Amino acid sequence: MSIDQQISSYYDKLLKRNAGEPEFHQALAEVLDSLKVVLEKDPHYADYGLVERLCEPERQIIFRVPWTTDSGEIKVNRGFRVQFNSALGPYKGGLRFHPSVNLGIIKFLGFEQIFKNSLTGLPIGGGKGGSDFDPKGKSDAEVMRFCQSFMTELYRHIGEYRDVPAGDIGVGGREIGYLFGQYRRLANQHESGVLTGKGLSWGGSLVRTEATGYGCVYFTEQMAKSNGDSFDGAKVIVSGSGNVATYAAAKAQELGATVVAMSDSSGYISTPNGVDIALLKDVKEVRRERISAYAAEAGNGAEFHEKGNIWEVEADIALPCATQNELDADSAQLLIDNGVRYVAEGANMPCTADAVHLFQNSDVAFAPGKAANAGGVATSALEMQQNASRDSWSFDYTDERLRKIMSGIFTSCEETAAEYDREGDYVAGANIAGFKKVADAMLAQGVI
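Residues numbered from 1 in each chain as written. Predicted model: local features only at pLDDT ≥ 70, side-chain atom pairs only at ≥ 80, totals over all residues. Heavy atoms only, no water.

- In the nomenclature of an unreviewed UniProt entry, the protein chain is known as Glutamate dehydrogenase of Corynebacterium endometrii.
- Its UniProt record gives the protein chain the following Catalytic activity (unreviewed entry) comment, quoted word for word: "L-glutamate + NADP(+) + H2O = 2-oxoglutarate + NH4(+) + NADPH + H(+)".
- Under the UniProt heading Subunit (unreviewed entry), the note attached to the protein chain is "Homohexamer." (UniProt positions renumbered as here; feature names shortened; annotations may be inferred.)

If you want it as structure tokens, here you go:
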């Protein structure tokens, strides 16, 4: 059987086994396509059911989460934790609270996390979790009661040396605080390494808040540098306006770029003269208002567009930082027609497969999320190091560690792609480099 036939057989089996999970299928297809050249050059990776084992989670946990509203009404949500692969270390990955969450979404995110965590070079495995609970519009007391109920089940499955969750969409400092408080209560110990993204006064790390956005820009900076370019003077689109997008925009402007557009689910703002980061944080993080409020207050040429497409704004660099599959083929073509040179995913799989193919066929340098947005989990692992040693590092020291990790990820992707005759293909480079480290560990540890 040829390698193409083997991969096709794997994929068909996985589709049947994981029916109705399109995001997971999309993530599997991308990785398996990259592995064809690996299996041809290094056929021992096809032994011992390695690829099939890699694509099957070690453990999938689904549980009921009952909670009460302020008015006393009983609500029931569903909780998830997919512990995908622990060959390199304890499971590591965020918790997402959003109405779109289902098992397929969590499996896609957990699968991506395996390779992302591997690329950091740190001893962490891949996992992900969350719930279809929506924290928007809920009181602090309602969010607290939900988090306490969620952790009442989750706590028995996690631990400093077993599984270390963090935040993701819908899970910020408030939610991490409530989750940690309930864990501490149930476990009867202050195990600070069991969650990351904690408050600075009780085990958190400086730079963790900024890490995913900063890391995305650091990776893009390396891509640009390899082509003799930089952020200085560049026009940048950053989709989203949450944590990742805000700090990606902040770092891009710090490096001399102008962020010309940002967005949220209500529409987008065009900002031809750049973004006032302090005002954006006040609107989105403090007041929790829509991005239209920013445009109404900012002046300086800012306009809100309720309809339209953020990707039609002319830019040199695009950083999709909102959510999966937000940038499709039509939007990719708009960017290409307007002269975009670099695209890096700040979110998890925000570009559809068709969009990625368009970028690659148009010589746009494209960085997949598992490489470009690995800064968040990398800094989470640095938080784990500080917790283990009962230490606390300075902002500048931690930021420099993050920059070096992102530079190392870029180098690994670039060199691995060239090794397999896919020079400039950062998707293949990231998938192969991430896979080989995990695969070598799995082969060394036997069939488990």
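So that's the structure; there's more coming.
1. Quick look at the environment of R290
- Considering the arrangement of structural elements, one finds R290 in the loop between α9 (277–286) and α10 (291–298).
- Expressed as a C-alpha distance, the spacing of R290 and A248, which sit 42 residues apart in the sequence, is 19 Å.
- If sequence neighbours within four positions are ignored, R290 has contacts with K136, D264, S265, S266, V283 and K284. (Helix = DSSP H or I, 4+ residues; strand = E, 2+ residues; numbered from the N terminus. Contact = heavy atoms within 4.5 Å.)

2. Structural notes on the sheet that holds strand β3 (residues 91–97)
- Spatially, five strands are ordered β1-β2-β4-β3-β5 in an open sheet, and the strand pairing comes out mixed. If you trace the sheet from one side to the other, it starts and ends with β1 (59–68) and β5 (163–167), each paired once. Between one strand and the next, the sheet's axes are offset by a mean angle of 20°, whatever the strand orientation.
- Two elements, β1 and strand β2 (residues 74–85), share ten bridges in a ladder whose sense is antiparallel. Within β2, the residue paired with I62 across the bridge is F80.
- Where helix α5 (residues 140–154) meets the sheet, it contacts β1, β2, β3, β4 (125–131) and β5, and its direction lies at approximately 145° from that of β1. (Pairing = 2+ DSSP bridges. Axes fitted to C-alpha atoms, helices over the stretch in contact; angles between N-to-C directions.)

3. Regarding the domain arrangement of the protein chain
- By the assigned domains, the protein chain splits into domain 1 (3–55), domain 2 (59–187) and domain 3 (210–372).
- Centre-to-centre, using C-alpha coordinates, domain 1 lies 32 Å away from domain 3.
- If you look at the interface, domain 1 gives five residues, while domain 3 gives seven residues.
- Where domain 1 abuts domain 3, roughly 410 Å² becomes buried across the two surfaces, and 48% of that area is made up of carbon and sulfur atoms.
- Of all residues in domain 1, E23, Q26 and E30 give up the largest surface area on contact with domain 3, accounting jointly for 88% of the area buried on that side.
- The tally of links from domain 1 across to domain 3 stands at one salt bridge.
- With a shortest N-O distance of 2.7 Å, E30 and K370 are connected by a salt bridge.
- At the boundary of domain 1 with domain 3, the tally comes to two residue pairs in polar contact (both at pLDDT 80 or more).
- Of the residues assigned to the side of domain 1 that touches domain 3, the class counts are two nonpolar, one polar and two charged. (Domains from an automatic or database assignment. Buried area = accessible area lost by both parts, 1.4 Å probe. Salt bridge = Lys/Arg side-chain N within 4 Å of Asp/Glu carboxyl O. Polar contact = N/O pair within 3.5 Å; in protein donor to acceptor, adjacent residues only side chain to side chain. Nonpolar A, V, L, I, M, F, W, Y, C, P; charged D, E, K, R; others polar.)

4. A closer look at the pattern of salt bridges
- Within the structure shown, the criterion is met by 27 salt bridges.
- As a salt-bridge pair, K36 and D4 come within 3.6 Å of each other at their nearest N and O atoms. Highlighted residues: K36 in helix α2 (residues 22–41) and D4 in helix α1 (residues 3–17), separated in sequence by 32 residues.
- By relative accessible area, K36 is classed as partly exposed at 24%.
- What makes D4 partly exposed here is its relative accessible area of 44%.
- A salt bridge links E112 to K370, with the nearest nitrogen and oxygen atoms 3.1 Å apart. Here K370 lies in helix α13 (residues 369–372) and E112 lies in helix α4 (residues 103–119), a separation of 258 residues in the sequence. Assigned by exposure class, E112 and K370 land together as buried.
- Put simply, D282, R287, E289 and E297 are held in one network by salt bridges that share partners. (Buried < 20%, exposed > 50% of the residue type's maximum accessible area, 1.4 Å probe, protein only.)

5. Regarding the sheet that holds strand β6 (residues 235–239)
- Strand order in the open sheet formed by seven strands is β9-β8-β7-β6-β10-β11-β12, with mixed pairing between adjacent strands. The open sheet is flanked by β9 (303–305) and β12 (365–367), the only strands paired with a single partner. For this sheet, the mean inter-axis angle between neighbouring strands, taken without regard to orientation, is 15°.
- In the sheet, β6 pairs with strand β7 (residues 258–264) via three bridges, with the strands oriented parallel. By the bridge assignment for β7, K235 is matched with T258.

6. Some thoughts on the nonpolar core
- Counting 63 residues, the largest nonpolar core has F219, M223, V238, M262, Y294, L319 and I409 as the members making the most contacts within it.
- Tallying contributions element by element places helix α7 (residues 211–226) first for this core, with eight residues.
- Each of two domains, domain 2 (59–187) and domain 3 (210–372), supplies a minimum of three residues to this core.
- Residues in contact with Y294, not counting those within four places in the same chain, are I269, T271, G274, V275, D276, L279, L280, V283 and A302. (Core = buried A, V, L, I, M, F, W, Y, C linked by side-chain atoms within 4.5 Å.)

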